Every structure is written in C-alpha cells, then in structure tokens.
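# Structure at a glance
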Protein chains: 2
Amino acid sequence: MTHFADRLAEAVRGKGTPLCVGLDPRFEMLPAEISERHEDRAAAYAEFCLRVLDIVAPLVGVVKPQSAFFEACGPAGFVALKKVIERARELKLLTILDAKRGDIASTAEAYAEAAFTAFAADALTVNPYLGRDSVEPLLKAARRSGRGIFVLVRTSNPGAGQFQDLMCDGRPVYHHVAEAVAAWGRENVGSCGDGDVGAVVGATHAKELVELRTALPNTWLLIPGYGAQGGSAADVAAAIRPDGLGAVINSSRGITFPLRPGDADWERQIEKATREASAALSSRR
Amino acid sequence: MTHFADRLAEAVRGKGTPLCVGLDPRFEMLPAEISERHEDRAAAYAEFCLRVLDIVAPLVGVVKPQSAFFEACGPAGFVALKKVIERARELKLLTILDAKRGDIASTAEAYAEAAFTAFAADALTVNPYLGRDSVEPLLKAARRSGRGIFVLVRTSNPGAGQFQDLMCDGRPVYHHVAEAVAAWGRENVGSCGDGDVGAVVGATHAKELVELRTALPNTWLLIPGYGAQGGSAADVAAAIRPDGLGAVINSSRGITFPLRPGDADWERQIEKATREASAALSSRR
C-alpha cells in the first residue's frame, strides 16, 4: 500500500504539474451539445465530467469533484458523482472529493465510509470546527487504504476571516488549526517525507500562503481559488516547494468553463485552458 | 408562507414536547426482522426509518435524519434519505437534515438546493468555519421557502473545545459564532419573536448551555447529545425557555436503539423510549 503523500507526489511528478482540475458542473454553463441532449441534469453532469476527464487525464495528475453540485441533483447526482470518480480512477487520476465534511465519532466514520468506500475517492476535504475527534476517525479510515484528508485551514472566500482570523494567544485561529494539521501529519509520514494530512489554503491570500508554506514544510497544501476566484500564478507559486512538490493548485471554472455554451470546439478550449494554466504555474517557479 | 421559527414553535407546542428524534441508522443495530430481510443496507435503513416515523409521529414534532449514515450506503442511501424526509413531511413532522454543510458562494447555493429542494428538508445544520459568505447563501435560500438553518456553535463531542474554546478578545471562539448567529437571526424574525437561524449547542456542556441560552434569548437551540451521549434531562432543561419553546432536544440512539437486534417488540420499545424521553424533559421544567 503506497502512502497517500507518495501517491500525491507521484501524481504531480508524473504529469509535471501541480495543477488539479476541479469538477464543479453547473447546468447553465454546460456546452449546449450536452445540456440539450439530457432531460436529467445529473446525466448531463456525468457526461460532461467524463469527457473533461478524458481531455485532462494526459495533462494533470489530480482532479477534485465538488460534491455540492452533484448533491443539488438529489440521488441521481450521487450516481453521477460515483461514475465520475470511478472513471477518474480508471484514468489513474488521483481524486480529491471536495465535500468539507466534519462530524463526530461514529458519524465521522460513516462519512469516511461514504468518501473512501462508497464513492472510492482518494482524499476528502474536511472541516475542522468540531475538533480532533471529528478529524481522527476520518484519518484512521483514510490510513487503512493509503487515502488522505485535506483540512480547511484558511479558505479563499472574502468572509473567511470572520472566524479563521480571530486572534487567540497572539495567533489567528487558522494557525492553531495549521498546527494541529502538522501534528496529525507527523503521525504517518510517507517516504517522500510528507504526512497524509493536507491543508486547504486559499490562493486569494498571498501573504497567508507564504506564511503557511513556511509553517508547514511537510504538509501538502491544496490551493483553491486559482484562476476564476482571483488567485494568480504568481500568488500560488509561493505554495510550491523548490522540489516542485508540496502543493496541488486547483482551478475549476477557469478550466472547465472557458467557453460559451454554444461553442462547438469546447473540448479543444478545455484542453487549451488546462495547458495554459499548467504552463503559467511552471513559468513562475 | 409561515416563518421557520413559527413552524418550529408550532411543531413543539403541537406535540407538547421539545423532543426531536434523531434518525441515525446503523446496520448492526437494526432489528433482525428488518436487517435479515434486506440485502441492500439502504433499503433496510429506509424501512426502519419509515417505521420509526410512524411510531414517533404522534409523539414528537421534529425529526433529524443524520445524512452521514445514508451517505455511507452510496447513491442508494440518498434514495433512502429522500424517502425518509418525504414520509416525515407527509406525517407533518418538521425535518432537520443533519449534514453540517459549509462552503462558499455558488457552492453553498448548491448545498441549499440539495437540502431544501432535492431532499426537501425544513432545516439544515451548517458549519460556520468558512464565515459569513458560506452561511448567507444557505440562509437566503432557506428564507425563500420558510426554511431555517442551525449553525454549529458549541458541539457535544469531547474534542469540541480544541478550536471552539480558543480565547479571542476575552471570549471563546464559539461566543463569536453565537454572536454572528444572533445577528443573522435578527434579520428575519417570526411572529413568535425568534429568528430563523438556530444554534447547535451540545447537551454535554451544561455550563455553556445556560450561558448560551442567556446570550441567545431569541434563538432556537438544537441540542444534540441528550441520552446516549451523556446529556441528562436536568442538563438540557436549562435550554428550554419558560414558555416551553426555544429549544429542540435531540435523542438518536437512546430512542431508536433501545433494543437488542433480536427483540421482536422493538416498535413498542421505541414508542416507550420516546414517551419516557419526552416525560423526562417535561418533568424537569
């Protein structure tokens, strides 16, 4: 069984880019070719995402489906989500299920079963507000099969600071969370030297990103907010270690929706957007 | 359209109890009669929960399905969850979907669509770590149809204090969250005088419960941890206002699993446990 951090390192090194493609399907932004053919929104999401996976699989090592958009379709959405993750795995892509789960004890175990067994994702994003006994059951489950978790530390949204930046003992709350993330990660280190507990850190906060890269040298950072949310390649470059590892940089809308719904060459546009995002990240290092 | 707080007040007043029955199905704890009949775990969960609903509907006004246990079954689990919520609504029970969601902007809107439209719950539990712009889209969606949200303030688990109790400006983090909850609730007050943003406060912290009851006089409190998790009727009585309103007291395992799987009279046992939990709450007021 390969350690999660080693699998991540392999995924990033194998494709030569830390870029992660986010799968956040929105019906009104789908290519008309797809949305017009499906009565069922979930089926349209599945087709779109499967086709995106085929396009990006040669170019990136990691993808991140956003659970919420599938959930919005009800039960059929979960059928689609499962298909998308299955196909990603067939294509040897590492999958991060972005669901920001967090609950206690046996409930956390059920979320772990959902993420790692029922939907078979390689990693899950986790909300730390409930504290250690909400994170540890997920981590324990992840470790049974070389999976990992990414804990929200400092998120990319404008209101993130409302609670995350409250100052406690001279440091913001998110530093306390970062410290816990580092401690959890040290419990189980891969041969690459990194732990299996990552940190979600928004690309829209360049200063915090530099600070957390330094504070968490052996923690993989998952950086959302690159592209459409406003984080630039220069901003996120600070998250990537000199060895080219240690960070996964996510772009969702910037890659999967560079198009107008009527565009017939949408697959080429997605390929182009992926290559450009990847090149922009390389040129900044 | 009736305001969410008025609907809650009606549900509690109508059955004369603040008791809420939590639906946290676990396969190994189901009555043998049900688990032996179903190959499919999700179908067993659906049957069990539907039968529990029929038993408790005359006795309580509110039920709380825990999403995680359904999610653990994969897509079929969501079919079961949808059926359970539908049946609860047919029985005029108010439903709180316990999913502790939290994400930003359009992702939060998708979670709102999932909870209030796809699964048609009356309320959703929400994790506040991402700050105001993760809560407000859920609230905005809830307000379109007389729904509500319950924001995690101080949870019932042993490790809850790791981040929630960090001291910021002389007050723990959870006080800052409570203050935000009160402010959100004041934006939209029902004719009962209460807002449509509730607070989740664990029954296992009696001191915090008293303190938060005082700090949040017009906020509905959702109190998990009564019964199996160790909160006593005396502990939770402090959350109930003199008018008998303002709190929903949840018991899950204590009510739905008072049984050994082989017990043939499990329905009677669940009815008895519900009546006893309800009576214990009344006698403390």
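What you see is a predicted model; the values in this text were computed from it and never measured.

### What to know about the confidence of the model for chain A
Within chain A, residue pLDDT values average 95, and 99% of them lie at 70 or more. What the predictor reports for the complex is a pTM of 0.97 with an ipTM of 0.97.

### Observations concerning the interface of chain B and chain A
In this complex, chain B contributes 48 residues to the contact, which on the side of chain A involves 48 residues. Of all elements in the fold, only helix H4 (67-71), helix H5 (75-90), helix H6 (105-118), helix H7 (132-143), helix H8 (161-164), strand S6 (167-168) and helix H9 (173-186) of chain B reach the threshold of two or more residues within the side of chain B that touches chain A. Of the residues belonging to the side of chain B that touches chain A, the class tally is 27 nonpolar, 14 polar and seven charged.

### Quick notes on the pairing of strand S10 (residues 247-251) of chain A
Residues and elements named next belong to chain A. With five of five residues buried, S10 is to be regarded as a mostly interior element. Of the two faces of S10, the one holding Ala-247, Ile-249 and Ser-251 and the one holding Val-248 and Asn-250 are both buried throughout. Of the strand pairs in this sheet, strand S1 (residues 19-23) and S10 are connected by three bridges, and their pairing is parallel. Each residue of the ladder has a partner; that of Cys-20, found in S10, is Asn-250. In the sheet, strand S9 (residues 221-223) pairs with S10 via three bridges, with the strands oriented parallel.

### Quick look at the packing of helix H3 (residues 41-56) of chain A against helix H5 (residues 75-90) of chain A
Residue and element names in this part refer to chain A. Packing of H3 against H5 leaves a shortest axis separation of 8 Å and a crossing angle of 10°. Judged by the inter-axis angle, H3 sits roughly parallel to H5. Taken together, the residues of H5 that come into contact with H3 (itself represented by Ala-42, Ala-43, Tyr-45, Ala-46, Cys-49, Leu-50 and Leu-53) are Ala-76, Gly-77, Val-79, Ala-80, Lys-83, Val-84, Arg-87 and Ala-88. Among the residues forming the contact of H3 with H5, the class breakdown is 12 nonpolar, one polar and two charged.

Reading guide: rules and limits
- Residues numbered from 1 in each chain as written.
- Chains lettered and ligands numbered in written order.
- Predicted model: local features only at pLDDT ≥ 70, side-chain atom pairs only at ≥ 80, totals over all residues.
- pLDDT = per-residue confidence, 0-100.
- Contact = placed C-beta atoms within 7 Å.
- Helix = DSSP H or I, 4+ residues; strand = E, 2+ residues; numbered from the N terminus.
- Nonpolar A, V, L, I, M, F, W, Y, C, P; charged D, E, K, R; others polar.
- Buried ≥ 20, exposed ≤ 12 C-beta atoms within 10 Å, placed from the backbone.
- Pairing = 2+ DSSP bridges.
- Axes fitted to C-alpha atoms, helices over the stretch in contact; angles between N-to-C directions.
- Parallel < 35°, antiparallel > 145°, perpendicular 65-115°, else oblique.

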